[in-house]
Amino acid sequence: MKESLYLTKDLAIVNFSKGYVTTGEQLLNTSTFSNFVLNFIEYLQENNEDLYYYALNNKTAREAAVEILKLFRMMRIFKVEEIESSYLNDKGRLLEFVEEMYNFWKKHQRFSIVKAGSTTALEDSSFVLSDSNFNNMILKLYRNIEEAIMGRKNRVYRQMQAGTNAAVATIDVTPKLSEKYDALKNIPFISSIMLRTPMILHPKSNKRTGMFEEIEENPIHHFTGNEDEWLCFPCKIGSLLAFVYFHRDFISSAVSLGNLFELATADECTKKPDLICLFGNKYEKEETVFHYDSDEDIWIGCLTYNEKIEYFGYMKKICLTLHNLRKMQHGWLPIHGAFVNITLLNGKRKGIMLMGDSGAGKSESIEALKIAGKDVIKDIEVVFDDMGTIHLEDGVPYGQGTEIGAFIRLDDLDPGTPYRDMDRSIFMNPESSNNARVITPAAPYEVVAMNHKIDLFAYANNYDNKLGLHRFEDLEDAKATCKEGKRMAKGTTQEVGISTTYFANPFGPMQKQEICDPLIDEIFTALRNNGVFVGEIYTHLGLSKENREGINLAAKELLEFIEKD
């Protein structure tokens, strides 16, 4: 990136490789900080008119920025009483200006970027240390100026995230791609991520709309990105290698993937990917599409640049859609659901797989099971929390996962649940009553990508008044229920009320039903032949958010199943 600071209305990206300062004095003398002060003054024009005119002080905005920075530099050397400046005639207003400028900075989603192996002053220090030093420098500068104006020390100090929310290190690699994908070859790859957790983000969009549709033309032919504005998050989704290329304006979503998918190693980045995603491509057509490049054997997805795709669900679900399409090609059945291995204190262990569309109660049933079995459960091993697969080996069905984390609605969880792992979590619009979310780590990659025995497979029914756990006597009834994919929609997408989605999975199976149908027949027959409990669990979550009696009873019957021989 050419600028050392990329600043928009809501986003700030600091490129340490283009410019890195270690002291407040150095920062106050940079053109970068001068431009930041100018941006803040212009922001005041629409948001705080009185403070705006105080800052102007009969000057242009740029002249005012120069004068204010001159004052700040003098305050680092002299006592306030020794400085002549009209801004000091109203110290209360000056203090308000400093406080509001600090708040203006903190309102941005803030990230730092360091190119690993660069020849800057960062060459011998880690990107984590560099970012931490930057955080301390910003906080110290703010306090020094604040205390100089007040003429006293603070009485209470709060160690806030004054610098960034997260930091990334990038490397230059050459992936194994043909000339067809040359437009991607110079885009830096993320090699490491540091998250300041709990991280709180405020994306402008809070739900998905529309569908991912297949197109005949490869989206790479309309790619408009470059190495100055784009980065790549290389990751492993289940056993597949994915390169998620994204416009820097969506760095919040991309960095959040660090809590959801295993970051690929530098060696893996030199290989040919199974999946490619282009997220935020500036193209004249508004698209959320995918394409199969049969010549290269690569599934590629593309989402056109639009404010609405800032919702994390878009990035997560296009990745999972590509994964599912690839897996179905190879005879694996994608399951939109949750899968855990429960080990009791008496040594019994069973694999529980629940299936259902968004809001059906998959994750919530597992959380209720944890509470119901708190006195008898020794360990709960998460295999997947949203998307996984079932495949056969010698006629035996096994489950595998895709994600090392979970992306969960806050209001569907037991009130204490989000706070257990909050020190590692990313919260999205947590103050909102409309689809507030948390991304929290769930399982090591080694667990996610290995085979797991299935003892129970149940469809999560959130719309019926029935109670508990029901076993299908007829396999055709089980398949029919799962294929219908009925649920009471809860606002995570544009749907409301009762809706149906083929196999409760609009992320691949719905688009490729002709491939998925025979896989369902094969897998469900194998489940029955191997003695797997195939049934339905009644979560009641579509009927009432407050009344959790239904889901608690279902969890109790799940526990009884696990305790049986």
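For the structure itself, look to the data block above.
Treat the numbers as computed from the prediction; the structure is a model and nothing was measured.

With that settled, the discussion passes to the packing of aromatic side chains. Evaluation of the coordinates by the stated rule reveals 27 aromatic pairs. Taking 5.0 Å as the distance between ring centres and 85° as the angle between the ring planes, the aromatic pair formed by F189 and F243 counts as edge-to-face. One end of the pair, F189, is in strand β5 (residues 189–195); the other, F243, is in strand β9 (residues 240–247), and 54 residues separate them in sequence. Per residue, the accessibility class of F189 equals that of F243, and both read buried.

This part takes up the environment of F36. Its place among the elements puts F36 in helix α2 (residues 31–47). Put simply, F36 and W105 are 69 residues apart on the chain and 8.9 Å apart in space, counted from C-alpha to C-alpha. With residues up to four places along the chain from it excluded, the contact list for F36 reads L5, L7, M101, F104 and W105.

For the rest of this paragraph, the subject is the sheet that holds strand β19 (residues 405–409). On the basis of which strands lie adjacent, the open sheet formed by four strands has the order β6-β20-β21-β19 and mixed pairing. Single-partner strands in this sheet number two, and they are β6 (199–201) and β19. Recorded for the sheet is a direction-independent mean angle of 20° between the axes of neighbouring strands. Sheet topology note: the β6/strand β20 (residues 426–428) ladder contains three bridges and is parallel. Looking across to β20, one finds that I200 is bridged to F427.

Turning our attention to the pattern of salt bridges. In total, this model carries 23 salt bridges according to the counting rule given. For R326, the salt bridge goes to D297, with nearest N and O atoms at 2.9 Å. Residue R326 is found in helix α8 (residues 312–329), and its partner D297 is found in the loop between β12 (288–293) and β13 (298–304); the two are separated by 29 residues along the sequence. Taking the relative accessible area as the measure of exposure, R326 reaches 8% and is therefore buried. Its salt-bridge partner being E403, residue K316 comes within 2.3 Å of it at the nearest N-O pair. Of this pair, K316 sits in helix α8 while E403 sits in the loop between β18 (396–401) and β19, placing them 87 residues apart in sequence. The two residues K316 and E403 agree in class, both being buried. Each of K316, K317, D386 and E403 takes part in a single network of salt bridges with overlapping partners.

What counts, and at which threshold
Residues numbered from 1 in each chain as written. Predicted model: local features only at pLDDT ≥ 70, side-chain atom pairs only at ≥ 80, totals over all residues. Heavy atoms only, no water. Phe/Tyr/Trp six-rings, centres within 6.5 Å; stacked < 30°, edge-to-face > 60°. Helix = DSSP H or I, 4+ residues; strand = E, 2+ residues; numbered from the N terminus. Buried < 20%, exposed > 50% of the residue type's maximum accessible area, 1.4 Å probe, protein only. Contact = heavy atoms within 4.5 Å. Pairing = 2+ DSSP bridges. Axes fitted to C-alpha atoms, helices over the stretch in contact; angles between N-to-C directions. Salt bridge = Lys/Arg side-chain N within 4 Å of Asp/Glu carboxyl O.

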